[in-house]
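# Inside the fold
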Amino acid sequence: MDKFGFTLSKARVIDYEANDRTIVDYIIEREPSLKLCIECGCCTATCTTGNFTDFSLREIHILLKRGENEQVRQKIKKCMLCGKCILVCPRGVNTRNVVSLARQAFRNTEGYEF
Amino acid sequence: MGKSVVVIGGGTAGMEAAGRLAHEGYSVTLIEKGEEFGGHLRDWYHLFPDRRSSDEVLAYLNNQVSHQNIRLLKGQRVTGFQRKGNEFIVSTGGGDTINADALLLATGFDLFKSQRKEEYGYGIYDNVITSADLEMMFRKKDLRLANGIIPERVGFLHCVGSRDEKVGNIYCSKLCCVTAVKQAIEVRKMIPSAKVFCFYMDMRMGGALYEELYKEAQEKYSVSFIRGKVSEVAVNINDRLVAKVEDTLAGRPLKMELDMLVLMAGMEMSEDGIKLADGAKLKRGENRFFQPADHHFGTNIGNMKGVFYAGACTAPLNITETISHARSAVTEIVNYLNSEK
């Protein structure tokens, strides 16, 4: 029989209650400056990786805070840790350390392959 | 001098102006419709940006108006006024008339009635409250849900009744952002374990020490800011509020449970101010506030000779700006009275 291609779509909604925020808690405990991000996007604008791929450190901050960890886990490998983002951040967030700590958190947390 | 001024409205602007005029030697009648002087300040706990007690400002204002040249009339509503020659005749609800050489309108603002945004559930769900309700809880030092339990997750929704054409208010009330930040800090101070979220469209922190307060809220009090305006609120089976919002910076819808949602009600031209304005054919602007003669040089001057404005009856103003505006009104009134013979 022909298949019509109708499927159930996964909801796009961020379900705050269902999400796990242990990764972001781990980072903020060690790098509290992450709390100061005002989502201006300077880090993403200056980012070499971001200019050639869809990597956005600003987006990663948001996804971390909402507990959308699977997306972060996939994306965060792209960062080359050059640190230009630290130079432009108007709120003094140690952005590179956020990336390093995120990677560390994924490695140390069960259930995430990194 | 011997000239007299009637000041309508016994809130911050009216009290400051009445006090200053009295000190200048004018004979002042300050008329307040409510049973107490002090206006909205009486409902507030702490003021931004330094969390000074509102009682301190009230004490200052009460001191300003205890002057032999001031006659204080409370519990009296002004029903209208007429200009005869160079004189005003002000009528009150009690049937009295008061004569004056100049008139200062300091009729202030009304808080936006949050029931009008039905989708947020104010008046429907017990734990959806307004910023003013929250201040009253602060004043009583008793911050609880309707069932007596201490809230663990509190949301603040910015721009309720502001920047919203659906309710006819295209303007920004401009002090709700910083009020939300201040209140978020107060909630965290009272309930250190609480998680606090602000749902905003833009953080408009343009005032002395506002941005610093915003940073403090993030750094010291771990307040989270989510860019997006809540579209609707419901209650789930666990009797918790559920807010639906777009997390615009993630580009995705977000669903979050809350114990309490605080609506940051905006400021509107007071209904009594509108009646007074329309009865006397005083011009009002697009946003219904009194329209001053000039936005740069004449913010205290009305379109009728001898009529002046002070405070939030002209636009949303904070306490600092209201006091400054009242002082500039006094300068205009003194100039006017000196020029009239």
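Overview of the structure. The shown structure was predicted, so the numbers you read here are calculated from the model rather than taken from an experiment.

Turning to the interface of chain A and chain B, a few remarks are in order. Frequently, the measure chosen for interface size is the accessible area removed from exposure when the parts meet. Residue-level contacts link 13 residues of chain A with 15 residues of chain B. Those elements that provide at least two residues to the side of chain A that touches chain B are strand 1 (14-15) and helix 4 (57-66) of chain A. Per element, the largest residue contribution to the side of chain A that touches chain B is 4 residues, and it comes from helix 4 of chain A. Of the residues assigned to the side of chain A that touches chain B, the class counts are 6 nonpolar, no polar and 7 charged. Bridging between strand 1 of chain A and strand 17 (residues 252-258) of chain B involves 2 bridges; their strand directions are parallel. Looking at the pairing, D15(A) lines up with K255(B) of strand 17 of chain B.

Another point: the pairing of strand 16 (residues 241-247) of chain B. Residue and element names in this part refer to chain B. Alternating residues of strand 16 divide into L241, A243, V245 and D247, all buried, and V242, K244 and E246, none buried. In terms of strand pairing, strand 15 (residues 232-235) meets strand 16 through 4 bridges, oriented antiparallel. When the bridges of strand 16 are listed, V235 appears paired with L241. Where strand 15 hands over to strand 16, the hairpin turn is made up of 5 residues, of which D239 adopts a positive phi near 65 degrees. Sheet analysis places strand 16 next to strand 17, joined by 7 bridges and oriented antiparallel. Note that in strand 17 the partner of V242 across the bridge is E257. Following strand 16, the chain reverses through 4 residues before pairing antiparallel with strand 17; G251 in that reversal takes a positive phi of roughly 70 degrees.

Our next topic: the packing of helix 3 (residues 131-139) of chain B against helix 4 (residues 176-190) of chain B. Residues and elements named next belong to chain B. At their nearest, the axes of helix 3 and helix 4 sit 11 Å apart, and the two run at 35 degrees to each other. Two packed elements cross with a definite hand, and for helix 3 against helix 4 that hand is left-handed. Where helix 3 approaches helix 4, its residues S131, L134 and F138 are matched on the opposing element by C176, T179, Q183 and E186. Grouping the amino acids of the contact of helix 3 with helix 4 by side-chain chemistry returns 3 nonpolar, 3 polar and 1 charged.

Our focus in this paragraph is the nonpolar core. As a rule of thumb, soluble globular proteins bury nonpolar side chains together. Ranked by internal contacts, the top residues of the largest apolar core, which has 74 residues, are A102(A), L157(B), A184(B), L261(B), V262(B), L263(B) and M264(B). If one sorts the elements of this core by residue count, helix 4 of chain B sits on top with 8 residues. When near neighbours in sequence (up to four residues on either side) are disregarded, V262(B) contacts I129(B), S131(B), L134(B), V154(B), G155(B), F156(B), L157(B) and Q183(B). Among the nonpolar cores identified, the runner-up in size contains 49 residues, and V7(B), F37(B), A102(B) and L104(B) belong to it.

What counts and how
- Residues numbered from 1 in each chain as written.
- Chains lettered and ligands numbered in written order.
- Predicted model: local features only at pLDDT ≥ 70, side-chain atom pairs only at ≥ 80, totals over all residues.
- Contact = placed C-beta atoms within 7 Å.
- Helix = DSSP H or I, 4+ residues; strand = E, 2+ residues; numbered from the N terminus.
- Nonpolar A, V, L, I, M, F, W, Y, C, P; charged D, E, K, R; others polar.
- Pairing = 2+ DSSP bridges.
- Buried ≥ 20, exposed ≤ 12 C-beta atoms within 10 Å, placed from the backbone.
- Axes fitted to C-alpha atoms, helices over the stretch in contact; angles between N-to-C directions.
- Left-handed = near helix turned anticlockwise from the far one by under 90°.
- Core = buried A, V, L, I, M, F, W, Y, C linked by C-beta atoms within 7 Å.

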